[in-house]
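# Report on the structure
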Amino acid sequence: MAKAINEREIVAAILMEVTENGRYSHIVLREVLTKYQYLEKRERAFITRVVEGTLEHMIEIDYILNQTEDVDANVFVMMPSCVPATAIDDNGCTLTAQDMETYLSKKRILGLGEVMDYISVVKGDEAMHRKLELFSDKVRDGHAPFLSDMDLQAYAMAGIATDHECSDFAYAMKERRNGMIVHIREGSAARNLKAIVNGIVENQMNGEGFCFCTDDKHIEDIEKEGHIDHNVRKAIGLGMNPIDAICMATINSAKCYGLTHLGAIAPGYQADLLVVDNLEKMTIRDVYYKGRKIDQDGEIIVKECPSELKNTVHVGEFSREDLRLESPNGIFNVVGMQEGEITTVRKNVQLFDGPGVFRADEDYQKIAVIERHKATGKTGVGIVSGF
């Protein structure tokens, strides 16, 4: 008669061994699972599925760290703070402060990533503040669009150091007055640089307390116009002093994240250099990393992706009927997109007289959100304009 096993105890033992090992979790997991070859196929499959589901967030973070470990660039990571982003979101897992503790010793994790759930911060949610306390000696990035004066003050008092959600100069200065560092965003969708840099130039400021970021920028846009170097060129084109613009892309960011060996060309600093044609056009000729010239045609090595990160889209029952959008009176709620912004406006639009089914046209398109983590079958359908 086969010996009964305690699956829960085995799962707990595997999790403890993986989390305490100190190496990348997906690599350790494979090694640990080989110890349980004696289990029946069904038992082993069940235990593997439970462990992988529990460790999914660690495997993802470790994958990023592992892929960038040996590249010729300075790659740092911020620990995701809001998984899920808010209490109403569906998500693949929940990332708690306890889950994050093992990453405090990772040198390339500089702090807590953008804290999107500002409501939990302001209202003193216990789980959120455990995360903030855990990273009290590191940088805690913010995500704070259009907060009221009192909420912004409470947000800053909680230890949030930065924000990239400023869309105008007035709000950026409100954050600066609360001691926050403003990351000026210029990405593929949200383009806030012109509004904020114009304010800096008009008020004869030197850019202290400001940095550049992209937030989200598509590969094709990076290839076409550049990354942070594009931000620098655009700021100079708007009248900013070239040296100030370069500082916002280099030393300001390094100081913000406590990288005392980066951001300047001086004794004791890492020899990361750009050779440009001139300070206005900022066309990059050569790049040096740690004093060595980077070969633009050199081989790029991409490490194998862990199998645990593949085939992770799980959709429940789904049909064309789930995308059907009806109205009893022809009036629909519409999400109005704004050019160069990720902010939207809510509209109530009469698209036809009487009851009917929405049909997309040049002005109004259909948008859908389909839950893809746990195959719940949840589907949200709406209308968007300005796309």
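Here we summarise the structure given alongside this text. (Residues numbered from 1 in each chain as written. Predicted model: local features only at pLDDT ≥ 70, side-chain atom pairs only at ≥ 80, totals over all residues. Heavy atoms only, no water.)

It is worth spelling out the pattern of salt bridges at this point. Following the criterion strictly, the structure yields 15 salt bridges and no others. The salt bridge partner of E186 is K234, with a shortest N-O separation of 2.7 Å. With a gap of 48 residues between them, E186 in the loop between β5 (181-185) and α9 (193-202) and K234 in helix α11 (residues 228-237) connect regions that are remote in the sequence. Accessibility expressed as a relative area gives 0% for E186, which makes it buried. Here K234 falls in the partly exposed class, since its relative accessible area comes to 27%. Three or more residues joined by partner-sharing salt bridges are found here, namely E186, R191, K217, E225 and K234. (Salt bridge = Lys/Arg side-chain N within 4 Å of Asp/Glu carboxyl O. Helix = DSSP H or I, 4+ residues; strand = E, 2+ residues; numbered from the N terminus. Buried < 20%, exposed > 50% of the residue type's maximum accessible area, 1.4 Å probe, protein only.)

Turning our attention to the pairing of strand β2 (residues 109-115). Burial of β2 is extensive: six of the seven residues sit out of reach of the surface. Direction of pairing for strand β1 (residues 77-79) relative to β2: parallel, over a ladder of three bridges. Within β2, the residue paired with M78 across the bridge is G111. Where β2 lies against strand β3 (residues 139-142), three bridges are found, and the strand directions are parallel. Considered in β3, the bridge of G111 is made with V139. (Pairing = 2+ DSSP bridges.)

Moving on, we come to the pairing of strand β11 (residues 331-337). Along β11, the buried face is formed by F332, V334 and G336; none of I331, N333, V335 and M337, which line the opposite face, is buried. What sits between the antiparallel neighbours β11 and strand β12 (residues 344-350) is a turn of six residues, in which G340 has the positive phi angle 75°. Here β11 runs beside strand β15 (residues 379-385); their pairing, made up of three bridges, is parallel. Within the sheet, the bridge partner assigned to G336 lies in β15 and is S385.

Attention now goes to unusual backbone geometry. Positive phi, close to 55°, is recorded for Q204, a residue that is not glycine. For Q204, a relative accessible area of 76% translates into the label exposed. Backbone geometry at K290 places phi at a positive 55°, although glycine is not the residue there. In this structure, K290 sits in the loop between β8 (284-289) and β9 (292-293).

Formed by 48 residues in total, the largest nonpolar core has its most connected members in M79, V115, L132, Y155, I184, I200 and F210. Among all residues touching Y155, those that are not within four sequence positions of it are V115, Y118, V121, G142, H143, A144, L147, I160 and M180. In this structure, A254, C256, L259 and L262 belong to the second largest nonpolar core, which totals eight residues. (Core = buried A, V, L, I, M, F, W, Y, C linked by side-chain atoms within 4.5 Å. Contact = heavy atoms within 4.5 Å.)

This part takes up the sheet that holds strand β14 (residues 364-370). The strand order across the open sheet formed by four strands is β12-β11-β15-β14, and the pairing between neighbours is mixed. The sheet is open, and its two edges are formed by β12 and β14, each paired on a single side. Strand-to-strand twist of the sheet, defined as the mean angle between neighbouring strand axes without regard to direction, takes the value 40°. (Axes fitted to C-alpha atoms, helices over the stretch in contact; angles between N-to-C directions.)

On to a nonpolar patch on the surface, then. Taken together, the side chains of V313, V315, F318 and I370 define a hydrophobic patch exposed on the protein surface, amounting to about 330 Å² of accessible area. Along the polypeptide, V315 turns up in the loop between β9 and β10 (326-327). (Patch = residues over 30% accessible without salt bridge, like charges linked within 9 Å, V, L, I, M, F, W, Y side chains within 5 Å. Areas by Shrake-Rupley, 256 points an atom, 1.4 Å probe, with all protein chains shown as cover.)

Within helix α6 (residues 126-134), the full set of buried residues consists of M128, K131, L132 and L134. The arc that holds the buried residues of α6, viewed along the axis, is 165°, so those residues lie on one side. Exposed and facing more than 90 degrees away from the buried side of α6 are E126 and E133. Looking at the buried side of α6, the elements it contacts are α4 (97-100), β2, α5 (118-122) and β3. Where α6 begins, one side-chain oxygen reaches toward the backbone nitrogen of A127, 3.2 Å away; that side chain belongs to D125. (Arc of directions from axis to C-beta. Polar contact = N/O pair within 3.5 Å; in protein donor to acceptor, adjacent residues only side chain to side chain.)

Attention now moves to the packing of α11 against helix α12 (residues 242-249). Here α11 crosses α12 at 155°, and the two axes come no closer than 9 Å. Classed by the angle they form, the pair α11 and α12 counts as roughly antiparallel. As for the relative orientation of α11 and α12, their crossing is right-handed in sense. For the pair α11 and α12, the contacting residues are I228, V232, A235 and I236 in the first and P242, A245, I246 and A249 in the second. Within the contact of α11 with α12, the residues separate by chemical class into eight nonpolar, no polar and no charged. (Parallel < 35°, antiparallel > 145°, perpendicular 65-115°, else oblique. Left-handed = near helix turned anticlockwise from the far one by under 90°. Nonpolar A, V, L, I, M, F, W, Y, C, P; charged D, E, K, R; others polar.)

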